[in-house]
Amino acid sequence: MPFGTASFRLAGFILWPFGRTAVERPDAGPASCVGNVIWLVFAGWWLALGHLITSIPLFLSIIGIPFGWANLKMIPVSLMPLGREIVPTDQEWGAR
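Quick caveat, the model's predicted, so the values are computed rather than measured. (Residues numbered from 1 in each chain as written. Predicted model: local features only at pLDDT ≥ 70, side-chain atom pairs only at ≥ 80, totals over all residues. Heavy atoms only, no water.)

1. Overview of a nonpolar patch on the surface
- A surface patch of nonpolar side chains, amounting to about 570 Å² of accessible area, comprises Phe3, Val34, Val37, Ile38, Val41 and Phe42.
- Looking at the nonpolar patch element by element, the count peaks at five residues for helix 2 (residues 30-58).
- The topology assignment puts Val41 in helix 2.
- A relative accessible area of 53% means that Val41 is categorised as exposed. (Patch = residues over 30% accessible without salt bridge, like charges linked within 9 Å, V, L, I, M, F, W, Y side chains within 5 Å. Areas by Shrake-Rupley, 256 points an atom, 1.4 Å probe, with all protein chains shown as cover. Salt bridge = Lys/Arg side-chain N within 4 Å of Asp/Glu carboxyl O. Helix = DSSP H or I, 4+ residues; strand = E, 2+ residues; numbered from the N terminus. Buried < 20%, exposed > 50% of the residue type's maximum accessible area, 1.4 Å probe, protein only.)

Structure, rendered in structure tokens:
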């Protein structure tokens with residue numbers, strides 16, 4: 001069940017990454033650490049590598065630069081999604 005929840009959290013963050021960021025939850029316990037190790041071995045490396053490879057061609061065009069940054073922003077969440085929470089930021093995306 002936690003892996004399904006993490007998958008939907010990732011899907012929502014990938015669908016609209018602008019104006020939101022991932023923070024670690026303070027109430028995450030040792031179970032999320034064990035789950036993150038399992039996730040990292042079976043799915044995390046491939047997802048992070050996919051985001052990294054996809055961001056490279058996006059940076060080659062002016063229109064794709066924001067999407068390239070969004071792909072790079074998703075790498076930590078793709079590696080270890082359990083124990084993280086997606087929260088809105090107070091600033092506009094271009095103001096950072």
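Here the narrative resumes.
2. Describing the pattern of salt bridges
- Per the stated rule, a full pass over the model turns up one salt bridge.
- In this structure, Arg25 and Asp27 form a salt bridge, with 3.1 Å as the shortest nitrogen-oxygen distance.
- Arg25 gets classed as partly exposed once you look at its relative accessible area, which sits at 32%.

3. Quick notes on the packing of helix 2 against helix 3 (residues 65-79)
- Direction vectors running N to C along helix 2 and helix 3 enclose 170 degrees, while the axes themselves pass 8 Å from each other. The orientation of helix 2 relative to helix 3 falls into the category roughly antiparallel. Between helix 2 and helix 3, the contacting residues are Asn36, Trp39, Leu40, Gly44, Trp45, Leu47, Ala48, His51, Leu52, Thr54, Ser55 and Leu58 on the first element and Ile65, Phe67, Gly68, Asn71, Leu72, Met74, Ile75, Ser78 and Leu79 on the second.
- Of the residues contributing to the contact of helix 2 with helix 3, the split by class is 13 nonpolar, eight polar and no charged. (Axes fitted to C-alpha atoms, helices over the stretch in contact; angles between N-to-C directions. Parallel < 35°, antiparallel > 145°, perpendicular 65-115°, else oblique. Contact = heavy atoms within 4.5 Å. Nonpolar A, V, L, I, M, F, W, Y, C, P; charged D, E, K, R; others polar.)

Don't take any of this as a statement about function, it's just geometry.
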